[in-house]
Each structure stands twice: as structure tokens, then as C-alpha cells.
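Letter by letter, the chains look like this.
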Amino acid sequence: MRPTWFKNAGLQGAAMGSVSRRGFLKAGAVASGGLVLGFMLPAGGRMARAAEGKPVIYAPNAFLRVAPDNTVTVIVNRLEFGQGVHTALPMVIADELDADWAQMRAELAPAGDAYKDPAFGMQITGGSGTIAHSFTQYREVGARARAMLVAAAAEQWKVSPSQCRSAKGLVYGPAGQKATYGQLADAAMKQPVPETVTLKDAKQFRFIGKPMKRLDARAKSSGRQQFGIDFKPEGAKVAVVAHPPVFGAKVAKFDASKAKAIRGVLDVLEIPVDRGGRGIAVIAEGYWPAKQGRDALEIEWDTTGVAKLDSSAQLAEFAELSRTPGAVARQADTAKLATAAKKISAVYEFPYLAHAPMEPINCTVDLKDDSCTLWVGSQFQTGDQAAAAKTAGLKPEQVTLHTMMAGGGFGRRAVPTSDFVVEAVNIAKAWKAAGHNGPIKMMWSREDDIRGGYYRPSHLHRAEIGLDAQGNIVAWDHVIVGQSIAAGTPFEGFMIQKGVDSTMVEGMGAPYEVPLNLTAHIAKANVPVLWWRSVGSTHTAFVMETLIDEAAHAAKADPVAYRKKLIDAKHVRHHAALDLAVAKSGYGKKTLPKGHAWGVAVHESFNTVVAYVVEASIAKDGTPRLHKATAGVHCNLAVNPLSIAAQVEGAALMALGTTLPGARITLKDGVVEQQNFGDYTVARMNDMPQVEVHIVPSNEPPTGLGEPGLPPLAPAFANALFKLTGKRLRKLPFDLASA
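Residues numbered from 1 in each chain as written. Predicted model: local features only at pLDDT ≥ 70, side-chain atom pairs only at ≥ 80, totals over all residues. Heavy atoms only, no water.

Draft legend 1. Here's a closer look at the sheet that holds strand 25 (residues 608–618). Across the sheet, 4 strands lie side by side as 24-25-26-29; this open sheet has mixed pairing. The outermost strands of the open sheet, each flanked by one partner alone, are strand 24 (596–605) and strand 29 (690–695). Neighbour to neighbour, the strand axes of the sheet diverge by 15 degrees on average, direction disregarded. Those strands touched by helix 18 (residues 641–657) are strand 25, strand 26 (624–634) and strand 29, and its axis lies near 135 degrees from that of strand 29. (Pairing = 2+ DSSP bridges. Helix = DSSP H or I, 4+ residues; strand = E, 2+ residues; numbered from the N terminus. Axes fitted to C-alpha atoms, helices over the stretch in contact; angles between N-to-C directions. Contact = heavy atoms within 4.5 Å.)

Draft legend 2. Expanded view of helix 4 (residues 130–157). With 28 residues, helix 4 ought to run about 40 Å at 1.5 Å a step, and its terminal C-alpha atoms sit 39 Å apart, in line with that. Roughly 30 degrees is the biggest bend found in helix 4, and it falls at T136. With 20 of its 28 residues buried, helix 4 lies for the most part within the structure. In the stretch just after helix 4, K158 is the one whose phi turns positive, near 60 degrees. (Expected span 1.5 Å × (residues − 1). Bend = angle between axes of the 7 residues up to and from the residue. Buried < 20%, exposed > 50% of the residue type's maximum accessible area, 1.4 Å probe, protein only.)

Draft legend 3. Broad picture of the packing of helix 4 against helix 5 (residues 181–189). Two elements in contact, helix 4 and helix 5, have axes separated by 9 Å at closest approach and are oriented at 90 degrees. Between helix 4 and helix 5, the angle is such that the two are roughly perpendicular. Counting all contacts with helix 4, which are made through R146, M148, L149, A152, A153 and Q156, the residues of helix 5 involved are Y181, L184, A185, A187 and A188. In terms of residue class, the contact of helix 4 with helix 5 is built from 9 nonpolar, 1 polar and 1 charged. (Parallel < 35°, antiparallel > 145°, perpendicular 65-115°, else oblique. Nonpolar A, V, L, I, M, F, W, Y, C, P; charged D, E, K, R; others polar.)

Draft legend 4. Inspection of the pattern of salt bridges at higher detail. For the coordinates displayed, the defined rule picks out 26 salt bridges. With its nearest N and O atoms 3.4 Å apart, the salt bridge here joins K628 to E692. Of this pair, K628 sits in strand 26 while E692 sits in strand 29, and the two are 64 residues apart along the sequence. By relative accessible area, which is 15% here, K628 ends up buried. Judged by relative accessible area, which is 24%, E692 ranks as partly exposed. Through salt bridges with shared partners, a single network forms among E80, R214, D216 and K220. (Salt bridge = Lys/Arg side-chain N within 4 Å of Asp/Glu carboxyl O.)

Draft legend 5. Seen up close, the sheet that holds strand 18 (residues 440–443). Taking strand neighbours across the sheet as the criterion, the 7 strands line up as 10-11-8-18-15-16-17 in an open arrangement whose pairing is mixed. Here the strands that pair on one side only, and so sit at the sheet edges, are strand 10 (265–272) and strand 17 (399–403). Strand after strand, the sheet turns through a mean of 25 degrees between neighbouring axes, direction not considered. Examined bridge by bridge, strand 8 (residues 237–242) and strand 18 share 3 bridges and lie parallel to one another.

Draft legend 6. Up close: the pairing of strand 3 (residues 72–76). Burial within strand 3 is extensive, with 5 of its 5 residues counted as buried. Here strand 3 shows a buried face lined by V72, V74 and V76 and a second buried face lined by T73 and I75. Between strand 2 (residues 64–66) and strand 3, which pair antiparallel one after the other, the connecting turn spans 5 residues, and N70 there sits at a positive phi close to 75 degrees. Both strand 3 and strand 4 (residues 104–108) contribute to a ladder of 5 bridges, which runs parallel. Bridged to V76 within strand 4 is L108. For the segment spanning strand 3, helix 3 (residues 85–97) and strand 4, crossover handedness is right-handed. (Right-handed = clockwise from strand over helix to strand, strands pointing away.)

Following this line, the structure appears as C-alpha cells:
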């Protein structure tokens, strides 16, 4: 698919007279023009060379352009939905490019081969992989572009490139000559792309490692940023879908007469929806008449042959399964359980969780006979483009996917089935087949979003731990039961090995030297499940860190000292993160107010280690309160410490949300019982504790940070509450009354 840099992803197809307040600035950027730097890689060329074992050369033109006004626009190959890549990747390029920060801009890349994650081989935002996987990639792009600009200047001045230098968006010659990058961009286009470049030493960085304010902050804080939910091309109609109450159910019959009588409603169409179900789409001039039309529909649903899950029954099934060994994930001798001096027996329960991002699901589609254009906040451009093409009966190269800024996602916008994108294309197909023309903007309500599936799976853990008289763990038998997020997806082949979904057991055991025997059961249920921020670590970290704390208590040992004894010396990053959190919190030295207690946890996910030392209390009404969380973070080189702090703060609040009453998705007779934030709890600003983030200094290649701040927060909180109440919390959300 050819890039369309001369077009704006947010405004293509919209008349200037209908540009929204959030689209105006982007329109100005298109009108100003600009020169794209470098050469176009043929479609598939990058992947072909990689397959041959040859170095991958990322041509600068796919990733940046330099305009005559000397602005440099970096094309971000991921989705920006709050994590800060819209700033971090331009920082990486700016350092190697020798640009001035004031000239840097950013745009989100459309779906395209050039933008595939170098590690995953697909265009995806997930696994905390943006910086971890694209750090070197974007540095090389910047270095190649700088070399081409210098070569262009040297050619004009008839000197050697070695006689020139670059700084702050300018190239200087040996006789006092100077030219801006904008002045050189046209000539630089004609220079060959260097096959090899020398990257800077960390000591030369001007931006990397410095706290940089976000490029998108002003637009977002002023309301000018255009998100997917804001975008509506000229002539577009809005579609709202009535989904079956039970996943996979169909329409027995429906009466649309009342819906069609509502002013603004244009048509009512039956369409396929996710998991083989059927739904009713109401298409109208705007969202409100479409929603009113949907509310007026009279539908009789057919649930014949569709499994209807009940959460309490599922929990009982999981508990029964946990009494038997599952597929082996890790083997260890459990014989010493029988003779252990002390034993810990524990059962943990974790509910389904909705992603509940602030921006509900949406997707705009313009379907024609020989093309399909999408505007969507996609975490999975490669999969969504392919799914849209298959649904529309087109080739992937006939589908143009514009990546829109998104208001959160936490994994919900990276679905292997591309459920909501497929739904939007099916609506467009039905609209077209009914004799209509023009784009369709599909919108989900908050209720649709929370009841629409793809939840973090529910899980149950059963643990039996034996300790000797000195408090050393001598045997540990552990069983996990839950749904697999990989089963039935393209990822099944490598994520499920010998009956074990790797995401279900990730985070168990390491970094502790413990004799852990770990097995897992994959249960089936008619509930669509998906990764959720920090994936398996959302439950495994809680189990590991509360059990280690319980073992420390049984051993009459300090929980920090006990952990450090169990973490072997090779895990230096765990020691460093934990030591930093302890030192900065004042743990063991500072006297806490009466009724307050410390809690500790440390966990590694996505190759980043985060340790928390928290301070908690119990309010007079019996409500647990988290007052302060001090984080020690080891993510190797910190590209933007300001974004890292924001990520950890946000992850801490999201983790705190999982502990609050009502933070669960439950089903009865196959129907999701929660509908909105009134009965599905998410943490709010008044729940936010004081969070301090401290980063372990390092110049090693950076690791991911979007998710690792979440897993250790809840167990640290639970450990503090144990000190206050003597009760071990084995369920999320917390319930002190039944503990």
C-alpha cells in the first residue's frame, strides 16, 4: 500500500467547510505542503530482506519528512492512546537527526509494511513494545536522514561531508556556510540512503533521558485533538448496533417500525456480529437519532444452542478443576509438603474485567466497489486491515487504514478477531447493498463497550506451600484455572504449548528461588476474552507477592529482607528497583502515623521491574485507603522520564481500581450484569494516592513501560492491609468483610 503523506489521515474525504475544531490544525499542515525525505521502499521489500538474513534498511521517508519551514514530522508507527509514543519516538529521531526540539512534529502512521514492529513482524501496539522494539530502528532512521542532509549540503558547497557538521536543524560548512534542513530537504531526497550509520554515544544525547513535555499535550488539553470518535467525513451517517444479550445469539424476529418513525433515522439493517451472532444496525443522520432508533427497536432474540454462563457456577467449576493437576508449566518436587513444619493453603479468585477506556469503540468506513477506507484508533493495523479486506471481499492493498488518536484502550483495540472493525465493515456492506452510498461511522455507547466482551479472563489459583522450621520454602504446588486469550486465535500456535497458555502463567516463580510446581487448566466459556493491561501479570503478580509476603510473616522475617534473600544475585534489576523504592519511601526508618502500615511488592513484566512500597490505612467506615505509593522502576535507559512517571502513575491508579468494590464483570444466564460506570467501578481522581516514581539509572537498551507499573500495586496494598487487619485478601476486588 502506498503511503499518502500528502493527504491527512484525519481529514481525507472531508470538505474544508465541514472541518471540525479538532481537525483545523491538521488541515493547515496539509495545505503547507512539504518535502518527503529519502526513498520509497517497495512493498514487501523490508520483510523480504529480513527473511534473507540481510540487514533491514529503514528508508527515512517512511518515518519522517522535512518541510520548507524547517519543521520535521516524525511518522509514529504505533497507536498513541495516552502512553506517550507521540513524543518518545520523535525524541529518539531528534537526537540522531541533530534537530531542534522546537521543529519536531508527529503524525500517526497508516497501516503499512514499513511500520510493522521489528520484533513482532506486524503493525501492533502492545506488549509494552514501542520503545523496546523501535528504539534502535528510529535512531537509525534519524542518523540516516542526518547523513543525507549533510551529504546534500556538502555537495552544494563542494566540500567533503566530513568537513560539515549538524546541530539544531542546521548544517554548517567549513567556510561558515549554513543551511536549514528545510532548505536542504529537496537535495537530500536525491542522496542514497546509507546502508550503515554510526549511532551516538549516550553521553551525546540532548533529548533522550531528559524529561520532555509531550507534543500532543496542548492539543489534548485544549480540546483540539481529533480522536476517532470526533471524526466524521462529509456525508457520513452514524450507525448504532443492537447486539444480542448473550454472546453469539441471533435475531429471531424484529420490528423496526417505531425506530424508522424517529426523525433522522435512515434505515434499519440486520448484520452479522461477533462470535457468529446477529445484530440490528440503526443508521441515522447522527448519533442521537441512531441511539433513539435502537432503543425503539422491538427484537426477539434466539439463544438456541448458545452457552449461557453463570459466574457463580463458573467459579465452582474452576475450584473443582483446581483440585487436580493441569498441564505442566513448571516442574518441582512436592514431596516435602507432607513433612513441612508450616503450611500455607490459599485459593485466589479473580473476576472478568472490562477494559473500559474513556473513548468507547468506534470505526468509520468508506466502502466502494474497489476500495475500502477506514479511520480507526487501531492497536492492530495489520490484522484490522486484513480483516476489513476479507469482510469487504477485497485485497489488503485495497484497504487504506488511517490510524486515529485514541482515548485509551489497554488492549481492547488490538483484537485478533478485529471484532469491531469487522462489524463496521459489515454495516457498510449492508448499507451499500440497500442502495445507499457514503461513509458510515459506527459508534458504541459506554454500555455497549462494557457489555461488548473481550474481557480480562477470570482465574482461580490454588496454592499449597510448605516451609521448614526456619521459614524457608521447601515445596510449592500451584494450580491455575482460567480461559485462554490465545485459544482460537492466530497466536495459539506459539502462545499455547503442551496445553499451557504462556500468558496465564507468566510472572509465576521468577525471580524467586523457590521449588514451584506449576500446572494450569484451560477452561472454555462463551465469553470473549483478551489481553488487558499487563496481561497475565494482572493476577499472577498478586498471587506471588501476597504469598511471598505470607511466607515472610510465617518465617517472622521482614518482608523486604525475605524477598532479597529469595531473589538470586543474577536478578540485579530486581534488587536495584526494590532497594530504590525502599530507600525513597523511608521504609524501616520513617515512623508512620498511627493506624498506617507499609506494604511491599516487586514484579517484572515485559522486561521491566517495578517495586512498590505503599502506605495504607483503614478508614473509620472500614474502607481501605491507599495514601502513598513509592515506585522503584528499572526499565534500563529511560527515554522520557516524564512519560515514565505518567505511565506508572496511571498504571497505579488503574491497579488500585481493581481492588475497589464493584470492579468486576459478572454474568447471569449468559448476560453481562454490568452496564456503565454506575455498576462497574473504575478508579477516579479522588481515589488517587500520592505516587512518587524513581528510576534506576541505566544506559542499557530500554525496555517497555506501558504495563509494568500495574501488577505490583494491588499486592503491595493487600500486604499493608494484612498488617492492619491480620486478614489475607485472596480476592479481587477487596472484600475485608469476608476475608
